[in-house]
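What follows is each chain in one-letter form.
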Amino acid sequence: MERPLILPFLALLPLLAQGCLAQGDKEPLTVVLTFDYEDLSHEEGGRNIDALLQVLEKRNLSVAFFVLGATAEKYPEKVRRIHEKGHILGMHTYYHNLPLFTREDAERVGRVYGVDGEAEWRKSFKTPEAFLRDLMDTRAAIERATGKNGTVAAFRAPSMVVNWVSDEVYYRVLREAGVRVDSSVYQDFENPRAYYVVDGVIEVPLVTFESRLKNPKKALDLAEECSKKGVPFHFVAHPQALSPENLREFEDFLDLLEARYDVTYLRLDEVYGGENKNIY
Ligand SMILES: [Zn+2]
């Protein structure tokens, strides 16, 4: 049947109302799931990954994994499997070093996490050149594992340090390294945005972590706030923290969200409209 080119607005109203009724009284909620796969000092991450991939497959979910270069080098078959299951791969540095470029920033991060700032500084890249080199090495390790070039264009900063430091060098180096999307910044509910652009890099904010599953009430409050403000509930988890028992908690939590909201899952790149969308 041919559609009329122009529908009078009033004729659309019953259709819109029907669309709302079809979903019952549930409010819409967009859910984005991302995982930091850092199987370096956390070998249990590798043991948990197959069960996690099965859960994602069973629920027909396509997500993003941020992977350490060292993990891709040590467990290429796991990284290849993630890729083959249709998930996207991003970088999480090679050895979980921090993109910090001044001692002051290292001290600040030390205070935020209640750790020794000097030790944070020792683990940091310190120079833009070292950070850039690390990104190139990490990408090469991931692409060696998958056998596919030109597929890794996302980054997540270890410990989300970019939230507390001067970020000028950070975004410049990401852009130089060909990183299209970064996902390291917390959602600002005073100024809620699904994504925004910093210095040519798309930033997709995150909301909370799997540690909240111990207290789902708090996680549900955050989901409610996301639903109200119309931004994705972006949930970050670590395979090493998803033992069989915790993985069940994670699934229960997704069931809870789906029972409460009209949930739409988006993959990280779908938040900003995919690779073909030119938003610069
Ligand atoms: Zn990490």
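Before any of the text, the structure's been laid out above.
Note on numbering: residues in each chain are counted from 1, in written sequence order. Restriction of local features to residues with pLDDT of at least 70 applies here, the model being predicted, together with a cutoff of 80 or more for giving and counting side-chain atom pairs; totals for whole chains, interfaces and linings are based on all residues. Neither water nor hydrogens contribute to the side-chain values; these are computed over all heavy atoms in the structure.

**A few points about helix H9 (residues 216-229)**
Phase 1 of the analysis: A run of H or I in DSSP becomes a helix once it reaches four residues, and a run of E becomes a strand once it reaches two; helices and strands are each numbered from the N terminus. Expected span, for any helix, means 1.5 Å times one less than how many residues it has. An ideal rise of 1.5 Å per residue puts 20 Å on 14 residues; H9 measures up with 20 Å between its terminal C-alpha atoms.
Phase 2 of the analysis: For H9, the full list of buried residues reads Ala219, Leu220, Leu222, Ala223, Cys226 and Ser227. Axial view of H9: buried residues confined to an arc of 160 degrees, hence all on one face. The exposed set on the far side of H9, more than 90 degrees from its buried face, consists of Lys217 and Lys228.
Phase 3 of the analysis: Residue contacts are defined here by distance: any two heavy atoms, one from each residue, within 4.5 Å place the two residues in contact. The inward-facing, buried residues of H9 contact strand S1 (28-37), strand S8 (208-209), strand S9 (233-237) and helix H10 (244-260). The cut-offs for exposure are 20% and 50% of the maximum accessible area for each residue type, with area from a 1.4 Å probe on protein chains only; residues under the lower value are buried, those over the upper are exposed, and the others partly exposed. This arc corresponds to the set of directions leading from the helix axis out to the C-beta atoms.

**Details of the coordination of the zinc ion**
Phase 1 of the analysis: Only N, O and S atoms count as donors, using a 2.8 Å cut-off from the metal and 3.2 Å for Na, K and Ca, and because water is excluded some sites may appear unfinished. The coordination sphere of the zinc ion, as far as protein atoms go, consists of Glu38 (OE), His92 (NE2) and His96 (NE2), spread over 2.0 to 2.1 Å.
Phase 2 of the analysis: Taken in sequence order, the residues that donate to the zinc ion follow the motif E-x53-H-x3-H. With Glu38 in the loop between S1 and helix H2 (44-58) and His96 in the loop between strand S3 (88-91) and helix H5 (103-113), the pair connects residues that are 58 residues apart, well separated along the chain.
Phase 3 of the analysis: On the basis of relative accessible area, Glu38 is assigned to the buried category, the value being 8%.
Phase 4 of the analysis: Judged by its relative accessible area of 23%, His96 falls in the partly exposed class.

**Overview of unusual backbone geometry**
Excluding glycine, residues mostly have negative phi values, and the peptide bonds linking residues are mostly trans.
Phase 1 of the analysis: One non-glycine residue, His96, adopts positive backbone phi at about 65 degrees.
Phase 2 of the analysis: The phi dihedral of Asp199 is positive, around 50 degrees, even though this residue is not glycine.
Phase 3 of the analysis: For Asp199, the location among the structural elements is in the loop between strand S6 (196-198) and strand S7 (201-203).

**Examining the packing of aromatic side chains**
Phase 1 of the analysis: Only centres within 6.5 Å qualify two rings of Phe, Tyr or Trp (six-membered ring in Trp) as a pair; their planes then separate them into stacked at under 30 degrees, edge-to-face at over 60, and tilted for everything else. With the rule as written, the count across this model stands at 17 aromatic pairs.
Phase 2 of the analysis: Centre to centre, the rings of Phe101 and Phe131 are 5.8 Å apart; their planes meet at 50 degrees, and the pair counts as tilted. Placement of Phe101 in the loop between S3 and H5 and of Phe131 in helix H7 (residues 128-146) is noted, with a sequence separation of 30 residues between them. An identical accessibility class is assigned to Phe101 and Phe131; each is buried.
Phase 3 of the analysis: Aromatic ring contacts, followed pair by pair, group Phe35, Phe65, Phe233, Phe235, Phe250 and Phe253 into a single cluster.
Phase 4 of the analysis: Criterion for a charge above a ring: Arg CZ or Lys NZ at most 6 Å from the ring centre, at most 35 degrees from the ring normal. The ring centre of Tyr196 lies 3.8 Å from the NZ or CZ of Arg193, which sits over that ring.

**A word on the packing of H7 against helix H8 (residues 168-176)**
What describes two packed helices is the angle between their axes and the distance between those same axes.
Phase 1 of the analysis: Contact geometry for H7 and H8: axes closest at 10 Å, N-to-C directions at 40 degrees. Overall, the two elements H7 and H8 adopt an arrangement that is oblique. Considering only the axes of H7 and H8, their crossing is right-handed. Only Val169, Tyr170, Arg172, Val173, Leu174 and Glu176 of H8 make contact with H7, whose side of the interface consists of Pro128, Phe131, Leu132, Leu135 and Met136.
Phase 2 of the analysis: Residue type decides the class: Asp, Glu, Lys and Arg count as charged, Ala, Val, Leu, Ile, Met, Phe, Trp, Tyr, Cys and Pro as nonpolar, and the leftover types, Gly among them, as polar. For the contact of H7 with H8, a count of residues per class yields nine nonpolar, no polar and two charged. Axis definition: a line fitted to C-alpha atoms, over the contacting stretch in the case of helices. Angles run 0 to 180 degrees between N-to-C directions. Throughout, the term roughly parallel applies to angles under 35 degrees, roughly antiparallel to angles over 145, roughly perpendicular to angles from 65 to 115, and oblique to all others. Throughout, a crossing is termed right-handed when the near helix is turned clockwise from the far one, and left-handed when it is turned anticlockwise from it by less than a right angle.

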